[in-house]
Amino acid sequence: MPDRPTPDPPLALELLVHGVAGAAPGELLGDPRTVRVSGDSTAAVFRRTEDADAEAHPERYAGRPVPEAYCWSRLTSGNGARALWLLLLPFMVANLAHWARPATPAADPAPRAVRTYGVLVRILALSLTVLLIAAACEVALDLFAWQCAGSGTCTASRSRLGFLAPGGGWWAQPGRRLALGALVPAALTGLLWFLSNRTWSAYESQPPPAGSADPDAASGTAPALGRPGFWYGRRIVARLRAAHTAAGLLTVAVAVAVPTARYDRRAAAPVLEALGWVILALLAAGAVTVAWVVCRRGRSEVRADHRLDRAAVTLLPGAALALLAAVLLHACWSRPGWASTGRLPGDFAFGVLMLGQGCCVLALAAVARSLHRRAPDPAGALHGLGGPAVAMLGCALGGVMSGGVAQRVADWLDGGATPGMAGAPLPGPPVLLSWQAAVLPPMLLVLALLGVWFAVRGARARGRLAATVAAEYPGEAPDGARSRRIAGARTAAALTDSAPWFVAAVSGITLVLGAGALAGAWLSGQVPGEAARGTQPLLEGAARAAQDAGSWLIGLGIAVFVTWGRRAYRDPSARRTIGILWDVGTFWPRAAHPFAPPCYAERAVPDLTWRMAGWTGRTGGSLVISGHSQGSVLAAAAVWQLPPPARRRVALLTYGSPLGRLYGRWFPAYFGPGPLAALHGEVDCWRNLWRATDPIGGPALPGAGQDVDRGPLADPIAYGRSVRHPLPAPILGHSDYQADPAFAAERDALLARLDAAARGRAPRPAAAGGVPAQQARVSKEQAGQAGPGDPPDTAG
C-alpha cells in the first residue's frame, strides 16, 4: 500500500534499462546532470538532478513520466581483471547448454528426461574442469618435470632447471620433480575455487524480496523465470564448486600417483607398492564420490534455497586436498633407481576424456530430441538439438585451448624440432593433441566454404530486396545506391536467423573430425606426420602440412587470445567489447559449471524487482519498464518476479529485443512461445518495437497479431531528402529506438492504459499506433500455451 495519499493524477515512472555495451546515465536520461538515487558503484539507479525529489512534487509531472535509468554495465565490464574471464569461455558455453534444453508441455512435463538432461550437462561440465587441470598437469608434470628435467639437453640450455636435472640434488629424482610440478595445477584449481567463491559474493548473493513472486509460482506450474528461487542458486553453485574443486585436486593426485605406483610395482618394493594400491583405491573412491555429488541434485527453483550441503561443501574439497598431500609425500620417498623416460601415461587419459565427451554429447542429443518430440516447436533451434550443439562447441573450445597450450610449450622446449617427430629431443605431448591440431586446418577450410556460401546467398537476397525498397516510401524517387544500402542492412540483419545452422555445421564437423583424430591417435600411436611416413607422397605431405599448420594456427590463436586479454586489461573500450560477450553468455545462472563467469542477472533482476515493487508500493503510481536489447530480457525477467499487485501497476516496453528471436529460439523452455504467451497474459500491457534492419531484435510473439509487436518500423525513417529531412536519414539498425516517433507514442499509450486501470475505468480502444486492449490477466491454460511445467525440484 502507498505510504501517502495517491496524487491525482498519479505519478508515473519510466525505468530505462540499457542493453549490451552499456550507456552512461547522462546518455540514457538525455541530461549530463544526474544523481544516483539507489545502488552502488557496480549497478545503480540514476535520475536527472532536477527529478531527484519527484515524489515530493507530483504536480510537476502531469502528463509525463519521471525518467530514471538502471545502469548495470559494470557487472560485466568493470575493472581490468574481468578480461581474464576469457580463459573461462569453455565453461560458460557448457553452462549455456544446460539452459538450451527443449520445452516440455504442462500435461506431460517428463521430469525424468529433464533430470537426465541436467545430469548429462553437469557431467560434461565436470569433464571440462578435469580437461583443464589435466592440460596443466601435462605442461607442468609431463613436459617440464618429467621430460625436460630428465633430459640433459633440455636443462643445459635452461640454467634455472639445473637443480631438477639428473644428479642435480635432492629434487633430481622423478617422483620429487613430479611433486614439485604438481603445485602448479593444484594452485590453478585453488584459483578457480577462489574466483568462483568471490564472484558469488559480489554478484549472485542477492536474495529476492520476500513474497515477491506469484504464490502460484511456488507450485512449479508457473513459467520458470517467475519462480521465487530461479535467481538465487546458492545451494547448487556451492555444491558444484566443492565437487569441481575436488575433481581438480584428484586429477593432480592421479597424475602423480599413477607413474609412481607403476614404478613401485616394477621395482618390487612391497611397502611402497602396498601404499600405492591404497592411494589408488582412495582416489577411485574420491572420483566416485565426486560423480555422485554432481549427479545427485540439480537446481531447486520453487523457493529461494538458503541451505547448504555442509558435508559436501566442506568435507569433499578438504578430503581431496588431504589425499593430494598424501600422494605428494608418497612420491617424494627416495627411489634412487628411478629415471624418467618417454612420456607420462597421458595419451590414454586424454583419449578417455575425449571419448567420454563425445558419448555424452550424443546421449544429450537423444534426450533433447525426445523432449522436443513431446512439444514440437517449429521456431526452436535445430529442432531441439540446440543444447547438444552448444555443448559440443564447449568441448571443442576446451580441447583447442588446453591442447594448444601443451603444443606451444612443447614447441618452445624442443627448440627448432617438431614434437613427436623423429629426431626431436623430447617425446612431446600426447599424440592425441597433435591429431587434434592436425584436424584444425580442414575444419577451418570447411567453415570458410560455409562463410562463402552464406555471403553469396546474402548477396542474391540483397539484389532481390533492393528492387522493392523504394516502393515502401510512397512519393519517393527510386535511388539505386540508397536502396542497395537499405537492402544490405536488412540482409545482414537476417543472417542472425541462419546462425543455428552455422552452429550445427561447426558442431557436426567438430564431432566427426574429433572422432577421426581419436581413432588415428589410438590406432597409430604416432603423430600424423610420423603415421603417414612411407605412404603416398601426397598423403604424407598433406599429413605433415596439416600437423604443422594446425600447431601454428593454435599458437596464433592463443597469441591473439592473450593479446586481446592484455589489451582489455589496459583499454576500457576493448574491455567493453569483451563485456558484450559476457552480456549474452552470462545472463544465465551457473547451473552446470561453477567456474563459469558469474551470472550478472542474479544481481540485476533482484535489483529491478526490488525497485519496481518498492516504488509502486510506496507511491501507488504507475511504472513503465523500458528495456533495450539485453535490457529487455532483464526487464521481462524482473516483471515475472513481481507480486501480482505490483505487476498490475507495471507496463513493459521492449525494443530491439532478442526475447523471441534469440532467447525464444535457443532457450525454448524459458523464453519459448508458451512462457512468453504466459507473460503476455500476466502483464497488463506489453509492447515490443522492432526493425527489419536490426540483427538482434525481432518480434516477441509473432503469433499474437498486433497485441504485442509493432513493426517492422521504418528504417531509415526517410528514404531521401525532403523539407522535413534535409540530410540523409541514417540506418539505425539496433540503436537509437527512442528517436523513432513510435517510441513516445507507445510509451504514452501504455501509461494511459495503466492510468485507466488504476481509476477503474474500462480501457478504451487505442488509436492507430497505440496499445490495443488486452486482458488484465489470464492463466497459461486460458492462453492455450504450455510453460515449462517442471515439477518442484526437477529443474534439471
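Being a predicted model, the structure only gives us computed values, none of them experimental.

Engineer: An account of empty space enclosed by the protein is needed here, citing residue identities and associated values.
Structural biologist: A water-sized probe rolled over the atoms picks out the places where empty space is left. Tallied over the entire structure, the rule returns 6 cavities of 30 Å³ or more. Space inside the largest cavity adds up to approximately 70 Å³. Considering the residues around the largest cavity, the lining is formed by 10 residues, among which Gly 233, Arg 235, Ile 236, Arg 299 and Ser 300 are closest to the centre. Counted by class, the lining of the largest cavity contains 2 nonpolar, 3 polar and 5 charged residues. Broken down by class, the residue content of the lining of the second largest cavity amounts to 9 nonpolar, 2 polar and 1 charged.

Engineer: Tell me about the sheet that holds strand β7 (residues 686-691), and name the residues and values.
Structural biologist: Spatial ordering of the open sheet is given by β2-β3-β4-β1-β5-β6-β7-β8, a layout of 8 strands whose pairing is mixed. Both outer strands of the open sheet, β2 (34-39) and β8 (709-713), are each paired with one neighbouring strand and no more. Between one strand axis and the next, the sheet turns through 20 degrees on average, direction left out of account. Relative to strand β4 (residues 66-71), strand β3 (residues 44-48) runs antiparallel, the two sharing 4 bridges. Bridging from a neighbouring strand, Arg 47 pairs with Glu 68 of β4.

Engineer: Account for the layout of surface pockets, naming residues and giving values.
Structural biologist: Taken as a whole, the second largest pocket spans an internal volume of roughly 890 Å³. Contributing to the lining of the second largest pocket are 33 residues, with Val 130, Thr 251, Val 254, Ala 349 and Leu 353 lying nearest its centre. Secondary structure elements with two or more residues in the lining of the second largest pocket: α4 (111-148), α8 (234-267), α9 (270-296) and α11 (347-374). Ranked by residues supplied to the lining of the second largest pocket, first place goes to α4 with 10 residues.

What counts and how
Residues numbered from 1 in each chain as written. Predicted model: local features only at pLDDT ≥ 70, side-chain atom pairs only at ≥ 80, totals over all residues. Heavy atoms only, no water. 1 Å grid on protein atoms, 1.4 Å probe; cavity = no way out; pocket = protein on both sides within 12 Å on 5 of 7 lines; lining within 4 Å. Points joined across faces, edges and corners; volume = space filled by probe spheres on them. Nonpolar A, V, L, I, M, F, W, Y, C, P; charged D, E, K, R; others polar. Pairing = 2+ DSSP bridges. Helix = DSSP H or I, 4+ residues; strand = E, 2+ residues; numbered from the N terminus. Axes fitted to C-alpha atoms, helices over the stretch in contact; angles between N-to-C directions.

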